[in-house]
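Take a look at the letters that make up each chain.
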Amino acid sequence: MAEIFEETAINGMTMRNRLVRSATWEGMCDPEGRPTERLINLYRVLAEGGIGLIITSYAYVQPDGKHNIGQMGIYTDDFANDYKQMTRAVHDAGSKIAIQLVHGGGQSDEKTTGRKPLAPSAVKVAQFSETPEELTKDEIDNIVRAFGKAADRAKSWGFDAVQLHGAHGFLINQFLSPLTNCRTDSYGGSIENRSRFLAEVYGKVREMVGMGYPVLIKLNASDFVEGGLEIDDAIYAAKKLSETGIDAIEVSAGTPASGANGPARMKITQPDKEAYNLEPARRIKGAVVCPVMAVGGFRSYEVVERALKDYGIDYISMSRPLIREPDLANRWLRGDRSPAKCISCNGCFMGSLKGGIYCITEKKEKEE
Ligand SMILES: Cc1cc2nc3c(=O)[nH]c(=O)nc-3n(C[C@H](O)[C@H](O)[C@H](O)COP(=O)(O)O)c2cc1C
């Protein structure tokens, strides 16, 4: 029976417990995407707080895939020393660290990248701020190579794993979704075709890092937008990845256009509102052979325990609770099992936008 505080391994990456910090954009990199001292320190504090695995914020694999202010970049060798400092700081404190790789696709914008966004199809949907340009085959091949090169860098800089961002409406998710992918070539149409880009990205990353290095993915179980990705297609993609050797799948859901069903839901005020992706995570777990992580609304120790024991989930990921309490894992380990203090107000997004993430509610409480 899975226990929260037991050592496990994913393809040789050992972790001291089953708690994961889910990828969280902190807005603390310089305008080129280089991590700052402040960001490295944030990761040190998270590792000192006892979490088993840290997944970094989303890092763009090439400049036209940048999505946000202060976002991490992994498109150049120039940041080697900065990232090496980051991985060393985390390892010194006993955690493992994976870097999340992303291309924003149609969710990027001209203001951020200096060019029109690129997407599977030139369709304007609610989650895009502009009408994107349809990717050519050459552009697709370049992005696939950029994911591979980024993974190669991550491995050589001391990251213990990479995670592909296949969720929340970014490029991989855009290819999977029939709403944003209206292509008539071999990348569009059937789910087999819509998952071709993902298969190519995964294949290139695997080729670059080898079989003995953990490659993870964060996948949407559902987009919660009309015409978007639904659970059956997500299960198809998960199964294919599992058959071709993916090392773990983190199950999330929603896009910026999903309203109350977005990736970071609000008003999680009681246990029955927690763990809102648990049911689809269980379905995906039933279809794959690799470990499954569930993310979304975990706040109580008992809910985490139940997800492991009754739902067969292997790892529990959290984002917002660890902004307020980076030492939540150690607190629970010490025996203080009260729920995370996060009230899911999403004020943390404002921190990331305005110079660096922090818990706005905690700050207000201290000022009162
Ligand atoms: C400020 C903020 C930034 C986020 N950045 C990312 C990101 O870079 N990549 C990602 O996959 N998810 C990101 N997320 C989503 C979280 O990883 C997570 O899926 C979501 O918040 C639900 O988990 P939670 O209830 O534990 O916060 C972010 C969430 C927040 C609140």
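Computed from a prediction, not measured in an experiment: that's the story for all the values here.

A. Fine view of the overall build of the protein. Counting secondary structure elements, the protein contains 14 helices and 13 strands. Whereas a compact globule of 368 residues would reach a radius of gyration of roughly 21 Å, the protein reaches 19 Å, a difference of no more than 12%. In terms of its C-alpha atoms, the protein occupies a principal-axis envelope of roughly 55 × 40 × 40 Å. When the 368 residues of the protein are sorted by exposure, 60% land in the buried category. Expressed as a percentage of contacts within the protein between residues at least 6 apart in sequence, the contacts between residues at least 24 apart total 70%. For the protein, the accessible surface area stands at approximately 14,100 Å², while carbon and sulfur atoms represent 50% of it. Each charge sign in the protein was given a centre, from 46 positive and 49 negative side chains, and these centres are 2 Å apart.

B. Here's a closer look at the packing of aromatic side chains. The tally for this structure, following the rule as stated, stands at eight aromatic pairs. Consider the rings of Tyr60 and Tyr75, whose centres lie 5.4 Å apart with planes at 15°: the pair is stacked. Of this pair, Tyr60 sits in strand E4 (residues 53–60) while Tyr75 sits in the loop between strand E5 (72–73) and helix H2 (80–92), placing them 15 residues apart in sequence. Here the basic side chain of Arg18 rests over the ring of Tyr315, its NZ or CZ set 5.7 Å away from the ring centre.

C. Focus on a nonpolar patch on the surface. Residues Ile69, Met350 and Leu353 make up a contiguous nonpolar surface patch of about 260 Å² in total accessible area. Among the structural elements, Ile69 can be located in the loop between E4 and E5.

D. Representation of the site of the ligand. Not every one of the 24 residues close to the ligand is listed here, only the nearest: Ala23, Trp25, Gln100, Gly297 and Arg320. Backbone polar atom of Tyr58 to an oxygen atom of the ligand: 3.1 Å apart, as the coordinates give it. In the complex, the protein chains occlude 96% of the 610 Å² of accessible area that the ligand would expose alone. Contributions of two or more residues to the shell around the ligand are made by E4, helix H11 (320–324) and helix H13 (348–353). For the shell around the ligand, a count of residues per class yields twelve nonpolar, nine polar and three charged.

E. Region of interest: the packing of helix H4 (residues 137–156) against helix H7 (residues 196–209). Close contact between H4 and H7 brings their axes to 8 Å; oriented N to C, the two are set at 35°. Taken as a pair, H4 and H7 cross one another with a handedness that is right-handed. Of the residues in H7, those touching H4 at Lys137, Ile140, Ile143, Val144, Arg145, Phe147, Gly148, Lys149, Ala151, Asp152 and Lys155 are Phe197, Glu200, Val201, Lys204, Val205, Met208 and Val209. Per-class residue counts for the contact of H4 with H7 are ten nonpolar, one polar and seven charged.

F. A look at the nonpolar core. One finds Tyr43, Ile99, Leu101, Phe147, Leu164, Phe197 and Phe298 to be the most contacted residues of the largest nonpolar core, which totals 94 residues. With eight residues, H4 is the single largest residue contributor to this core. If near-sequence neighbours (up to four positions away) are discounted, Phe197 is found in contact with Ile140, Ile143, Val144, Phe147, Leu171, Ile172, Phe175 and Tyr187. Residues Ile10, Met15, Ile55 and Ala248 belong to the second largest nonpolar core, which totals 13 residues.

G. Spatial organisation of the environment of Gly70. Locating Gly70 in the fold gives a position in the loop between E4 and E5. Among the residues examined, Gly70 registers a relative accessible area of 12% and is labelled buried. Taking the C-alpha atoms as reference points, Gly70 and Gly355, separated by 285 residues in sequence, lie 7.5 Å from one another. Setting aside residues up to four positions removed in sequence, Gly70 forms contacts with Trp25, Gly27, Met28 and Cys29.

H. Spatial organisation of the pattern of salt bridges. Tallying each qualifying case throughout the model produces 21 salt bridges. Of the charged contacts in the structure, one is a salt bridge between Arg18 and Glu6, with a shortest N-O distance of 2.7 Å. With Arg18 in the loop between strand E2 (13–15) and strand E3 (19–21) and Glu6 in the segment before strand E1 (8–10), this pair connects stretches of sequence that are twelve residues apart. Relative accessible area serves as the criterion here: at 10%, Arg18 is assigned to the buried category.

I. Region of the structure containing the pairing of strand E6 (residues 96–102). Counted residue by residue, E6 has seven buried out of seven residues, so it is predominantly covered. Burial of the side chains of E6 extends over both faces: Lys96, Ala98, Gln100 and Val102 are buried on one face and Ile97, Ile99 and Leu101 on the other. Across four bridges, the pairing between E6 and strand E9 (residues 161–166) is parallel. Residue pairing in the sheet places Ile99 in a bridge with Val162 of E9.

What counts and how
Residues numbered from 1 in each chain as written. Predicted model: local features only at pLDDT ≥ 70, side-chain atom pairs only at ≥ 80, totals over all residues. Heavy atoms only, no water. Helix = DSSP H or I, 4+ residues; strand = E, 2+ residues; numbered from the N terminus. Rg over C-alpha atoms; globule rule 2.2 N^0.38 Å. Buried < 20%, exposed > 50% of the residue type's maximum accessible area, 1.4 Å probe, protein only. Contact = heavy atoms within 4.5 Å. Areas by Shrake-Rupley, 256 points an atom, 1.4 Å probe, with all protein chains shown as cover. Lys, Arg positive; Asp, Glu negative; His and termini not counted. Charge placed at Lys NZ, Arg CZ, Asp CG, Glu CD. Phe/Tyr/Trp six-rings, centres within 6.5 Å; stacked < 30°, edge-to-face > 60°. Lys NZ or Arg CZ within 6 Å of the ring centre and 35° of its normal. Patch = residues over 30% accessible without salt bridge, like charges linked within 9 Å, V, L, I, M, F, W, Y side chains within 5 Å. Salt bridge = Lys/Arg side-chain N within 4 Å of Asp/Glu carboxyl O. Near = heavy atom within 4 Å. Polar contact = N/O pair within 3.5 Å; in protein donor to acceptor, adjacent residues only side chain to side chain. Nonpolar A, V, L, I, M, F, W, Y, C, P; charged D, E, K, R; others polar. Axes fitted to C-alpha atoms, helices over the stretch in contact; angles between N-to-C directions. Left-handed = near helix turned anticlockwise from the far one by under 90°. Core = buried A, V, L, I, M, F, W, Y, C linked by side-chain atoms within 4.5 Å. Pairing = 2+ DSSP bridges.

Keep in mind these numbers describe shape, not what the thing actually does.
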